[in-house]
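# Structural overview for review
As a plain string of letters, each chain reads:
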Amino acid sequence: MKIDSRFQARPKGNISLSIDGEIVFAHKGDTVATALLADSGNASRKTNKNSPRTPFCMMGVCFDCLVEINGSPNEQSCMIQVEEGMVVKRPKGLRNYEQK
Amino acid sequence: MIDAELIIIGAGPAGMAAATTAANEGATVLLFDEQPQAGGQIYRNVKNQSNRLDNKNYFGKDYLSGKKHVDALEHENIKIEYGATVWRIEDGRHVVWSKNGISKISSAKHILLATGAQERPVPFPGWTLPGVMTAGAAQILMKTSGLLPRDAILAGSGPLLYLIAVQMIDAGAPPKALVETQTFKKTLSAAKHLPNALFAANTLFKGLGFLRKIKEAKIKVAKIKRYTACSGFRAEESVDGSIEFSFDYRNVNHKIKTPLLLTHQGIVPSTHLSRASGISHRWNETQKAFQPITDLWGQSETPTIHVAGDGASIGGAETAQAAGRLTALNIVHHLGHLNKDERDKKAKADRSLFNRALSIRPLLDNLYAPLPEFLSPPNETIVCRCEEVTASEIRQSIAEGAAGHRQVKTSLRNGMGPCQGRMCDLTVRGILIDSGINPDAPRARTPIKPIKLGEIANLKIPPE
Ligand code: FES
């Protein structure tokens, strides 16, 4: 189920990125965390114990915004600005050994 | 070999003021900041405000005034590395920093830590759920991306909470409720600090102005519900993904549904870097936070390490700027650019500004002191968000003999996740205090932010 964003809708941005395969539009100057929050109210990651989280502090302190960006795991999405064509994946609990 | 006479870490109000002051006195400065621009959290993205989506200024004059400080950094003596995370300080002279996945070492004769503040963690059952955020986080989203909260609840206390409430109202995103933890009793006991605070009348009236504006808006729009002296915070997830926020108000439990719960209980110094640098810290009981020990010039016991701004003690932007300038004057004096008399003469105005601004703190600190339930939260509360350790587990480990941060951490892993204790140190301390233990400041270790092993392995040691 896609939960509505917890924020007011903005005009459509012109930077496109993929979040778990879905194309999402963001604005220049948005961080990846901002793009995630603007897109939906869903969890942006699941912890090792499988509990849902979203970005919490937006200033690099809490590390609850960790996602995979362009294949690199555990990136602090509130500290990284969106770029055209970025591929973002929401982590779901512990990674498998095979996943590397 | 040195890269600059002075390295400054953090380009917020204190760091910016120090950089310009030192540069104007003839010192070479290397300035680091994690963000893509200067300004710190208070003036975050101020330089780009005109390109923002909605282009309206609902942040107020104070915020826009930050632009001139950012512009002043364009100085031939100042070199800036943005997007750079400092993760180690060595021998009080070397700074190890990471940018775009590559770590480097830079050296200077003096190092100024101007790392600012973070919001005090506000732990309660359910604070880790999606849809619960800090009020400061929402403000950052407004400043950087024009992303406005939808039907949010603002909960907690502190000057920033009211400031954000007003900004949300002006932005057309008023909170649906303001749930304050402040009590009438606290207001009364804080009133004894009023005479002192009158020296800082400007700041005080600004604060009162905000309060008035909230009330006016409440009357006019009649939609913002206001609850005071609340406690017993709890958040639960409802089926549609929104938050069921419950709290006690006048002995009755209230429940409000909201997509977004924004909490705040004031700010505390960010001390990871200062602690990891090896300088001593002390507990500030009125501010309920650890802070580095320095002299009146911000100089620590390690004479090449200095601290200024909210990272030294919470005082707000104006105080931080004054402290930044004072510290810079002292540093350029030690560098030989100014003699002692010149330093003292140039410091005069800022010294009195600093003292004036500080005179309002006892009032604010007492007025907005954090609720005991956030210092030592109920058992089921997750204290360490990273490793998902609850208050009850921490209490149990203390009952089993853990006598400080380190022992609790050894048995439970709290503070060993990626945030390295930033979200749990203060709560663990609160629980220890509650159990009759008075702990020292917990250690902070290098790297103070997670760095990939390869980055450390590839580190090149520059020639001496
Ligand atoms: S949201 Fe807290 S570190 Fe990114």
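Treat the numbers as computed from the prediction; the structure is a model and nothing was measured. (Residues numbered from 1 in each chain as written. Chains lettered and ligands numbered in written order. Predicted model: local features only at pLDDT ≥ 70, side-chain atom pairs only at ≥ 80, totals over all residues. Heavy atoms only, no water.)

It is worth spelling out the interface of chain B and chain A at this point. At the junction of the two partners, chain B supplies 46 residues and chain A supplies 40 residues. Both faces considered, chain B and chain A share a buried interface measuring about 3,500 Å² in area, 59% of it formed by carbon and sulfur atoms. Counting the surface chain B buries against chain A, the share from its top three residues, P130, L147 and E388 of chain B, is 18%. Taking the shortest distance from any N to any O, the salt bridge between R385 of chain B and D64 of chain A comes out at 2.7 Å. (Contact = heavy atoms within 4.5 Å. Buried area = accessible area lost by both parts, 1.4 Å probe. Salt bridge = Lys/Arg side-chain N within 4 Å of Asp/Glu carboxyl O.)

Residues and elements named next belong to chain B. If you check the domain split of chain B, you get domain 1 (4-118 + 268-338), domain 2 (121-265) and domain 3 (376-434). Between the C-alpha centres of domain 1 and domain 3 there is a distance of 30 Å. Counting from both sides, the interface comprises eight residues of domain 1 and, opposite them, eight residues of domain 3. Summed over both partners, the interface of domain 1 with domain 3 comes to about 610 Å²; 58% of that surface belongs to carbon and sulfur atoms. On the domain 1 side of the contact with domain 3, Q118, H272 and W283 bury the most area, a combined 67% of that side's loss. At the boundary of domain 1 with domain 3, the tally comes to one salt bridge. The interface formed by domain 1 and domain 3 includes two residue pairs in polar contact (both at pLDDT 80 or more). Among the secondary structure elements, those contributing two or more residues to the side of domain 1 that touches domain 3 are α9 (272-276) and β18 (289-292). Along the lines of polarity and charge, the residues of the side of domain 1 that touches domain 3 split into four nonpolar, two polar and two charged. (Domains from an automatic or database assignment. Polar contact = N/O pair within 3.5 Å; in protein donor to acceptor, adjacent residues only side chain to side chain. Helix = DSSP H or I, 4+ residues; strand = E, 2+ residues; numbered from the N terminus. Nonpolar A, V, L, I, M, F, W, Y, C, P; charged D, E, K, R; others polar.)

On to the environment of C65 of chain A. All names here are of chain A. Inspection of the secondary structure assignment puts C65 in the loop between β4 (52-53) and β5 (66-69). Separated by 64 residues in sequence, C65 and M1 have C-alpha atoms that sit 20 Å apart. For C65, the residues in contact, after removing those within four places along its chain, are A33, P55, E75, Q76, S77 and C78.

Summed over all chains, the structure comprises 26 salt bridges over all chains. Residues R53 of chain A and D64 of chain A are paired through a salt bridge, measuring 3.0 Å at the closest nitrogen-oxygen approach. Of this pair, R53 of chain A sits in strand β4 while D64 of chain A sits in the loop between β4 and β5, and the two are 11 residues apart along the sequence. The same class applies to R53 of chain A and to D64 of chain A, which are both buried. Here K47 of chain B makes a salt bridge to E74 of chain B, at a shortest N to O gap of 3.6 Å. With K47 of chain B in the loop between β2 (29-32) and α2 (61-64) and E74 of chain B in the loop between α3 (66-71) and β3 (78-81), the pair connects residues that are 27 residues apart, well separated along the chain. Judged by its relative accessible area of 66%, E74 of chain B falls in the exposed class. What emerges from the salt-bridge pattern is a single network uniting K2, D20, E22, D39, R90 and K92 of chain A. (Buried < 20%, exposed > 50% of the residue type's maximum accessible area, 1.4 Å probe, protein only.)

This part takes up the environment of D240 of chain B. Tracing the chain through its elements places D240 of chain B in the loop between β12 (231-237) and β13 (243-249). Note: C-alpha distance between D240 of chain B and E388 of chain B (148 residues apart in sequence) is 24 Å. When neighbours within four sequence positions are excluded, D240 of chain B is seen to be in contact with M1 and I3 of chain A together with K257 of chain B. Among the polar contacts listed, one links the side chain of D240 of chain B to the side chain of S242 of chain B, at a separation of 2.7 Å. A polar atom in the side chain of D240 of chain B sits 3.2 Å from the side chain of K257 of chain B.

Note on strand geometry: in a regular strand, side chains alternate between the two faces of the sheet. Residue and element names in this part refer to chain B. Judged by how many residues are buried, strand β15 (residues 261-265) sits mostly within the fold: five of five residues are covered. Burial along β15 is two-sided: the residues L261, T263 and Q265 and L262 and H264 are all buried. Across three bridges, strand β8 (residues 132-134) lies against β15 in parallel orientation. When the sheet's bridge partners are listed, M133 is paired in β15 with L262. With five bridges connecting them, strand β9 (residues 153-157) and β15 associate as parallel partners. Paired with L154 across the strands is L262, a residue of β15. (Pairing = 2+ DSSP bridges.)

A word on the packing of helix α1 (residues 13-24) of chain B against helix α10 (residues 317-335) of chain B. When two helices pack together, their arrangement is captured by the angle between the axes and the distance separating the axes. Residues and elements named next belong to chain B. Axis separation between α1 and α10 bottoms out at 7 Å; the angle between their running directions is 35°. Helix-helix and strand crossings are classified by hand; for α1 and α10 the assignment is right-handed. Contacts from P13, A14, A17, A18, T21 and A22 of α1 reach α10 at A317, A320, Q321, G324, R325, A328, L329 and V332. A per-class count over the contact of α1 with α10 returns 10 nonpolar, three polar and one charged. (Axes fitted to C-alpha atoms, helices over the stretch in contact; angles between N-to-C directions. Left-handed = near helix turned anticlockwise from the far one by under 90°.)

Right, let's talk about helix α5 (residues 159-170) of chain B for a bit. All names here are of chain B. A rise of 1.5 Å per residue sets the reference length of α5, with its 12 residues, at 16 Å; its end C-alpha atoms lie 17 Å apart and thus fit the reference within 8%. L161, Y162, I164, A165, V166, Q167 and M168 are the residues of α5 that are buried. Directly after α5, the chain includes G172, whose backbone phi takes a positive value near 85°. (Expected span 1.5 Å × (residues − 1).)

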